Amino acid sequence: MRRRILLILAAAVLVTAVPATAASAQGEKSQEGFLRMRTVGWTDVNFSGDTVQQGQTVTVTGKVKIMDSWPSSLAKGVPNTCFMSMIAPGPVIVLKERTLNGESVPTRIDCAKGRVYDFSMTFAGRRVGRWHVHPAFAVKGAGTLIGPGAWINIKENPAGFTNEATLLSGGTVNLENYQLSFIWIWLTLTFIIGMVWMIYWTVPKRTIPHLAVTSQIPLNTDGRDYGLITKKDHRNSTIMMLATVVLLGAGWIYQLANFPTKIPQQIIQFAPPNVERPAPFVSLQAGKGKAIYDAANKQVTLTVTATNKGDQPAQLSQFAVADLTWFNQAVPAAKPTGPQAVDTAYPMTVQSDTIAPGATQEVTVTMPSDVWIHQEKLLPIGESQLTVTGQLRFQTPNGDTTDVEVDEPLTPTAFTT
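Keep in mind it's a predicted model, so treat the numbers as computed, not measured.

Draft legend 1. A look at the overall build of the protein. Across its full length, the protein carries 7 helices and 23 strands. Per-residue burial over the protein gives 40% buried out of 417 residues. Taking the intrachain contacts of the protein between residues at least 6 apart in sequence as the baseline, contacts between residues at least 24 apart amount to 67%. For the protein, the computed accessible surface area is about 22900 Å², with 58% contributed by carbon and sulfur atoms.

Here it is, written out as structure tokens:
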């Protein structure tokens, strides 16, 4: 048994010591299609750059909408607490600032279904390498919904990387190494106490190799009558407990003496200001749309009946689905630009894409790509609710745009994968 335990410990050390391959994504493809399409919609996401030195910053801007088609099974159908952040494979970036609708939001916010938030987040490069990062919008009761991502190249800064913060006393510290020696001392001492406790009760004791016997002992006895726990064990346990209490007391005294000025951790939650937006100049007629997935050609065809309520022609330019954007190839300005567009922008073709002022007509969108099923796993083929949900963007000749949410039942031509 001791040999087995030593082999397990050696394997654990080996697994810990061998470096792991860097993650290239953050699990967005593992989320269900309905969760990605019907919860949060992303539009106009743009990264200011894709190559920086350590300490230099990149700003991510865009719009995020809590969809009106929010599933009733999530957050009881009423999302009310949200949090905006950046997702990266570990501490490779440092988030410097984030704003929603022009207001700085250091913590979570009050949110509501149907609201649209203009966001801006600035992060600095920290660890040298090529990293895939995303904006993310977390909703209580639903989890974290990931937006369009981009590959960011972080180059080494010859001067090194610093992450400075200003204290209440007016002094400046580098968070990269602030109190690092004390942290290592504290972690080492607590690790030693934990290892002593674990080894004491697993290696020389019979509680682990004789579980079949131990499980038969009543809960309200320490097993002394069976030779499992002795007076010596009680004494040693008391010594380890006292050592832990002394260590905690020493740490408490240390922080009182060295950090007399401090404030409690702040908990702030508020609703960002609502941005007044123009009324949509295009509306969709309910019950007159349809979506078809052609398994043979691996394409989705979406047909909607739209009414132009404006005084200028309205042309369909984009269709935003989850963290992807389909763009009308007949509209040059519709194609997204920026680092994030490399993996998240796809061409589509549109029939009858322009609607005259005051007119109502059918608009058909065809989106051919293997991205629907095999690459992004967006379509809920084989699930109980088949829908295609996203935001259609119409624009006028003078550059005005409006986004209209569409949520249509999906008809697959064949259940193939």
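Now, onward.
Draft legend 2. Region of interest: the packing of aromatic side chains. In this structure the tally under the stated criterion is 9 aromatic pairs. In textbook terms, an aromatic cluster arises when at least three aromatic residues are bridged by ring pairs, as seen for Phe182, Trp186, Tyr254 and Phe259. Residue placement shows Arg130 over the ring face of Trp151; its charged tip is 4.2 Å from the ring centre.

Draft legend 3. Structural detail: the packing of helix α3 (residues 180–202) against helix α5 (residues 231–258). Two elements in contact, α3 and α5, have axes separated by 11 Å at closest approach and are oriented at 170°. By the angle between their axes, α3 is roughly antiparallel relative to α5. Along its contact with α3, which presents Phe182, Trp186, Leu189, Thr190, Ile193, Val196, Trp197, Tyr200 and Trp201, the element α5 presents Lys232, Asp233, Asn236, Ser237, Met240, Ala243, Thr244, Leu247, Leu248, Gly251 and Tyr254. Class assignment of the residues belonging to the contact of α3 with α5 gives a composition of 13 nonpolar, 5 polar and 2 charged.

Draft legend 4. Up close: the sheet that holds strand β6 (residues 103–104). The strand order β1-β3-β8-β5-β6 describes an open sheet built from 5 strands, whose pairing is antiparallel. Of all the strands in the sheet, just β1 (40–47) and β6 have a single pairing partner and so form its edges. In this sheet, strand β8 (residues 116–125) lies alongside strand β5 (residues 93–100) in antiparallel orientation, the contact comprising 7 bridges. If you follow Arg98 over to β8, its bridge partner there is Met121.

Draft legend 5. Layout of the state of the cysteines. One pass over the structure, following the stated rule, counts 1 disulfide. One disulfide bridge connects Cys82 with Cys111, the sulfur atoms lying 2.0 Å from each other. Between Cys82 and Cys111, the S-S dihedral sits near 70°, and the bridge is therefore right-handed. Of this pair, Cys82 sits in strand β4 (residues 81–87) while Cys111 sits in the loop between β7 (109–110) and β8, and the two are 29 residues apart along the sequence.

Quick notes on the rules
Residues numbered from 1 in each chain as written. Predicted model: local features only at pLDDT ≥ 70, side-chain atom pairs only at ≥ 80, totals over all residues. Heavy atoms only, no water. Helix = DSSP H or I, 4+ residues; strand = E, 2+ residues; numbered from the N terminus. Buried < 20%, exposed > 50% of the residue type's maximum accessible area, 1.4 Å probe, protein only. Contact = heavy atoms within 4.5 Å. Areas by Shrake-Rupley, 256 points an atom, 1.4 Å probe, with all protein chains shown as cover. Phe/Tyr/Trp six-rings, centres within 6.5 Å; stacked < 30°, edge-to-face > 60°. Lys NZ or Arg CZ within 6 Å of the ring centre and 35° of its normal. Axes fitted to C-alpha atoms, helices over the stretch in contact; angles between N-to-C directions. Parallel < 35°, antiparallel > 145°, perpendicular 65-115°, else oblique. Nonpolar A, V, L, I, M, F, W, Y, C, P; charged D, E, K, R; others polar. Pairing = 2+ DSSP bridges. Disulfide = S-S within 2.5 Å.

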